[in-house]
Amino acid sequence: MKSLGSIRRDFAPWNDPSAKPYIQFDNVTKKFGDFTAVNNLSLTIFEREFFALLGASGCGKSTLLRMLAGFEEPSAGRILLDGQDLRGIPPYRRPVNMMFQSYALFPHMTVENNIAFGLKQEGMPKADIEKRVAEMLKLVKLEQFAKRKPHQLSGGQRQRVALARSVAKRPKVLLLDEPLGALDKKLREETQFELMDLQQELGLTFVVVTHDQEEAMTMADRIAIMDKGEVMQVATPAEVYEAPTSRFVAHFVGNVNMFEGKVAERTDKTTRITGTTGAQIVVENGAAAATGADIIFAIRPEKIRVSSKKPADALNALEGEVYDIAYLGDMTVYHVRLDDGQLVRASALNAARVSEDPLTWNDRAWVSFRPDAGVVLTR
Amino acid sequence: MNATWSRFNVTSIVLGFAFLYLPIVLLIVFSFNESKLVTVWGGFSTKWYVSLFHNQGLMDATWVTARVGVISATVATVLGTLAALTLTRYTRFRGRVLFSGMVFAPLVMPEVITGLSLLLLFVAVGLDRGFLTVTLAHITLTMCFVAVVVQSRLVSFDRSLEEAAMDLGATPAKTFFQITLPVIMPAIVSGWMLAFTLSLDDLVIASFTSGPGATTLPMKIYSQVRLGVTPEINAACTILIAVVAVGVIIASIANKRREVQRQLDERAAQRG
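For clarity, every value in this text was computed on a predicted model and none was experimentally measured. (Residues numbered from 1 in each chain as written. Chains lettered and ligands numbered in written order. Predicted model: local features only at pLDDT ≥ 70, side-chain atom pairs only at ≥ 80, totals over all residues.)

Undergrad: Can you walk me through the overall build of chain A in this structure?
TA: Scanning chain A from terminus to terminus reveals 9 helices and 21 strands. Along the three orthogonal principal directions, the C-alpha set of chain A runs to about 75 × 50 × 40 Å. Taken across its 379 residues, chain A has 39% of its residues classed as buried. Counting only contacts in chain A whose residues sit at least 6 apart along the sequence, the fraction spanning at least 24 positions is 66%. (Helix = DSSP H or I, 4+ residues; strand = E, 2+ residues; numbered from the N terminus. Buried ≥ 20, exposed ≤ 12 C-beta atoms within 10 Å, placed from the backbone. Contact = placed C-beta atoms within 7 Å.)

This is the structure in structure tokens:
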């Protein structure tokens, strides 16, 4: 798996206009009675992509997955898989398999019979089934547990059986519904990397539903952030974090400081913003808003520097008072109350054992950041 | 355990158990009575058991009861399971509340009413009373009990098991027979046993719906007792008690074993 890094770095079909979409949601709407779970949603997923649907519970991400699996039919719109319209195709005829949040292992069958279940439905010859099951058991390192029943396994082992069962048929797409939700933290982190390796090894398209942003960031090539049945942004983990396109996304992923203001002046590269109290900052990224428009400036805590003196070279520097300090070992988090009353969160990596510029509670302090450190948001 | 054997505790237990079991113990004891007089002890003997097996009337009644029990329990189990499936799965059809109420009403319906109404029905449609009518009546009686037992299992049934099976390529029919049915089988089996037991000891409904040639064991015993209790009847009842007791004991031991094994397995699994 040495080349994994470079494979993943080069893999970006979403930037290639000639790339053929593999899964396509076309203006899909799903209603349950009066409740709209998915609202006129369009989304494209590419072959061999590790795609994550991220959102809070009730945002429609699971409904989207269930429509792909065939357990729900869209109320409007269509879903295409490899060019084929999936409308009307029942779950048992779709070339996708799903790994369930509860694992849904058949309690009355042994591990090997669980894995063989899908292959038997296909009518695969017995010898081939045995071979494939052995292969799958090896893949998830459960060879010695083949004859056990699900209740004789630990949580992590059950998760791996569920995984082996869902990839045994070599589906075109593997759907994973909160695949690591039931595992404890340490096991979850290990399993994240195992899943990524597995996806590369099998060359499958993975669509994973999760509410855990760290999980999505670690594993996925691209993330769709969902809210109230709509996709807020689809982008790589780095883009989602560094260049959110909305307040919701900026808030949902990681920590963020937000400032309200108006556009004072725009050049083709930079936007100058006047804060509500008159402070001026210059920003290079984000939405292009017209002069005079109300906007939000969002910046991550680790992009902000806190110092006792105003840095000489800083384009953007605001003065305030240290309100709170949290020492977390690897880093320190400062809460600085600016003179206009706004609270700013800034984090500094503790690269040295002793800080050159020690700050303490109620000290006067400057927060400064580069023009390319934050983004302008219009929604 | 810090139970102290206070006088109050001991008295309660003795009284309680005496109340429950004294009549049964008396019945068993007198089934081994030498004397023909039921309430006068004349020494130990097993002769009533021997004569029991030569009493053609009782033996016929036993055979009728067994057949009615097996057939009615089996049909009631199929129908009750289907009713339970419908009631738990299709929660949005019109009149569901009414339907579920109607399935369970016979649970609390006085048996006299059930018996009488069935009798009226059989007369109205011109069915000759006999083996068939008793069996039909017992199906009606026991079906709702099966539905209750199976439904309580289905409520906790993880639907994602069925979705997983379909996702892996099993058609709905295959999913039902390969996944749903095996998983709820214990509940179906206990539903069957409950139905069989109910059919076995029913007197009221059988009296209403039975006809010549289809006398069940409870009917036979009841009619003989009206002519005076014979030790033979005591012997018959003792055998009945023994059969039921052995069944219950085997079932509970098997249950207990499975439970213990399961706990051991789970603990072993957690250790890795």
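Here the narrative resumes.
Undergrad: Help me understand the overall build of chain B, please; the structure alone is not making it clear to me.
TA: Along the backbone of chain B there are 11 helices and 0 strands. Listing the helices and strands of chain B from first to last along the sequence gives α-α-α-α-α-α-α-α-α-α-α. In terms of C-alpha radius of gyration, chain B reaches 23 Å, well past the compact-globule figure of 19 Å for 272 residues. A burial count over chain B gives 29% of its 272 residues as buried. The contacts of chain B with a sequence gap of at least 6 include a subset with a gap of at least 24, amounting to 76%. (Rg over C-alpha atoms; globule rule 2.2 N^0.38 Å.)

Undergrad: So what exactly am I meant to see when it comes to the domain arrangement of chain A here?
TA: Accessible area lost during the coming together of the parts is what is often quoted as the interface size. Residue and element names in this part refer to chain A. By the assigned domains, chain A splits into domain 1 (4-95 + 171-248) and domain 2 (255-377). On a C-alpha basis, the centres of domain 1 and domain 2 stand 34 Å from each other. Taken together, the contacts link 4 residues of domain 1 with 6 residues of domain 2. (Domains from an automatic or database assignment.)

Undergrad: Looking at this structure, how should I read the packing of helix H3 (residues 56-89) of chain B against helix H6 (residues 131-155) of chain B?
TA: All names here are of chain B. Between H3 and H6, whose axes approach to 5 Å, the crossing angle comes to 40 degrees. It follows that H3 is oblique to H6 by the angle criterion. In the crossing of H3 with H6, the sense of the turn from one axis to the other is right-handed. Residues that form the contact of H3 with H6 fall into these classes: 21 nonpolar, 9 polar and no charged. (Axes fitted to C-alpha atoms, helices over the stretch in contact; angles between N-to-C directions. Parallel < 35°, antiparallel > 145°, perpendicular 65-115°, else oblique. Left-handed = near helix turned anticlockwise from the far one by under 90°. Nonpolar A, V, L, I, M, F, W, Y, C, P; charged D, E, K, R; others polar.)

Undergrad: Would you mind showing me how to read the interface of chain A and chain B here?
TA: Taken residue by residue, the interface counts 21 residues in chain A and 21 residues in chain B. Breaking the side of chain A that touches chain B down by element, the ones donating at least two residues are strand S6 (96-99) and helix H3 (111-122) of chain A. No other element matches H3(A), which puts 4 residues into the side of chain A that touches chain B. Across the side of chain A that touches chain B, the residue classes tally to 11 nonpolar, 8 polar and 2 charged.

Undergrad: Which parts of the structure should I look at to understand the pairing of strand S8 (residues 205-210) of chain A?
TA: Put simply, side chains in a regular strand alternate between the two faces of the sheet. Residues and elements named next belong to chain A. Within S8, 6 of the 6 residues are buried, which leaves the element mostly enclosed by the surrounding structure. Along S8, one buried face is formed by Thr205, Val207 and Val209 and the opposite face, lined by Phe206, Val208 and Thr210, is buried too. Relative to S8, strand S3 (residues 50-54) runs parallel, the two being bridged by 5 bridges. Among the inter-strand pairings, Phe51 is bridged to a residue of S8, identified as Val207. Alignment of strand S7 (residues 173-177) against S8, held across 5 bridges, turns out to be parallel. Counted as the bridge partner of Leu176 is Val208 from S8. Traced from S7 through helix H6 (residues 185-202) to S8, the parallel crossover comes out right-handed. (Pairing = 2+ DSSP bridges. Right-handed = clockwise from strand over helix to strand, strands pointing away.)

Undergrad: I would appreciate a short explanation of the confidence of the model for chain A in the present structure.
TA: Should pLDDT be low for a region, the predicted coordinates there are not to be read in detail. Of all residues in chain A, 97% have pLDDT values of 70 or greater, and the mean over the chain is 87. This model gives residues 1-6 of chain A a pLDDT under 50, and the stretch forms 2 contacts once residues within four places in sequence are excluded. (pLDDT = per-residue confidence, 0-100.)

Undergrad: Whenever I open this one, the sheet that holds strand S18 (residues 331-338) of chain A confuses me. Can you help?
TA: One key point about sheets: their strands pair by backbone hydrogen bonds, in either a parallel or an antiparallel sense. All names here are of chain A. One open sheet holds the 5 strands; their spatial order is S16-S20-S17-S18-S19, and the pairing between them is antiparallel. Here the strands that pair on one side only, and so sit at the sheet edges, are strand S16 (305-307) and strand S19 (343-349). The average angle at which neighbouring strand axes cross in this sheet is 45 degrees, direction not considered.

Undergrad: Help me out: how do you make sense of unusual backbone geometry in this one?
TA: Among all residues save glycine, negative phi is the norm, and among peptide bonds the norm is trans. Residue and element names in this part refer to chain A. A positive phi angle is found at Asn40, which is not glycine, with a value near 45 degrees. In this fold, Asn40 is placed in strand S2 (residues 35-45). Positive phi, close to 55 degrees, is recorded for Lys141, a residue that is not glycine. Tracing the backbone shows Lys141 in the loop between helix H4 (126-139) and helix H5 (155-167).

Undergrad: Sorry, what's going on with the confidence of the model for chain B here?
TA: Residues and elements named next belong to chain B. Summarising the model, chain B shows a mean pLDDT of 86, and 98% of its residues fall at 70 or more. Taken element by element, the predicted model of chain B shows its lowest mean pLDDT in helix H4 (residues 96-108) (80) and its highest in helix H7 (residues 159-167) (93). Reported confidence for the predicted complex is 0.81 by ipTM and 0.79 by pTM.

Undergrad: I'm lost on the packing of H3(B) against helix H8 (residues 172-201) of chain B in this one. Help?
TA: Each pair of packed helices can be summarised by the angle the axes make with each other and by the distance between the axes. Residues and elements named next belong to chain B. Interhelical geometry of H3 versus H8 gives an angle of 140 degrees and a closest axis separation of 8 Å. Judged by the angle between their axes, H3 and H8 are oblique. Regarding H3 and H8, the two cross each other, and that crossing is right-handed. Residues Thr65, Val68, Gly69, Val70, Ser72, Ala73, Thr74, Ala76, Thr77, Gly80 and Thr81 of H3 touch H8, and the partners they reach there are Ile188, Gly191, Trp192, Ala195, Phe196, Ser199 and Leu200. When the residues that make up the contact of H3 with H8 are grouped by side-chain class, the tally is 9 nonpolar, 9 polar and no charged.

Undergrad: Help me understand H6(B), please; the structure alone is not making it clear to me.
TA: Within an α-helix, residues lying three or four positions from one another point in the same direction, as the helix has 3.6 residues per turn. Under the 1.5 Å per step criterion, the end-to-end length of H6(B) is 36 Å for 25 residues, consistent within 8% with the ideal 36 Å. Taken across its 25 residues, H6(B) has 18 buried, putting it largely inside the fold. (Expected span 1.5 Å × (residues − 1).)

Undergrad: How should the nonpolar core be read in this particular structure?
TA: Soluble, globular proteins show a tendency: their nonpolar side chains are buried together. Grouped together as the largest cluster of nonpolar side chains are 105 residues, with contacts concentrated most on A:Leu68, A:Leu175, A:Val207 and A:Phe297. With sequence-adjacent residues up to four places away left out, A:Val207 is seen in contact with A:Ile45, A:Phe51, A:Leu53, A:Leu65, A:Leu68, A:Val173 and A:Leu175. (Core = buried A, V, L, I, M, F, W, Y, C linked by C-beta atoms within 7 Å.)

Undergrad: Any chance you could explain the sheet that holds strand S4 (residues 76-81) of chain A here in plain terms?
TA: Residues and elements named next belong to chain A. Spatially, 4 strands are ordered S2-S1-S4-S5 in an open sheet, and the strand pairing comes out antiparallel. In this open sheet, the two edge strands, each paired with only one partner strand, are S2 and strand S5 (84-85). Here helix H2 (residues 61-69) sits on the sheet and contacts strand S1 (23-32), S2 and S4; the angle it forms with S1, its principal contact strand, is near 115 degrees.

Undergrad: What exactly am I supposed to notice about H7(B) here?
TA: Residues of H7(B) that are buried: B:Leu161, B:Glu163, B:Ala164, B:Ala165, B:Met166 and B:Asp167. At its buried positions, H7(B) is contacted by H2 and S6 of chain A together with H8 of chain B. Of the residues flanking the end of H7(B), it is B:Gly169, one or two places downstream, whose phi is positive at about 105 degrees.

Undergrad: Please explain the environment of A:Gly275 as it appears in this structure.
TA: Residue and element names in this part refer to chain A. Topologically, Gly275 is positioned in strand S12 (residues 271-275). For Gly275, a count of 18 C-beta atoms within 10 Å corresponds to the partly exposed category. It is 6.2 Å that separates the C-alpha atoms of Gly275 and Glu260, two residues lying 15 residues apart in sequence. Apart from the residues within four sequence positions on either side, Gly275 is in contact with Phe259, Gly261 and Asp340.

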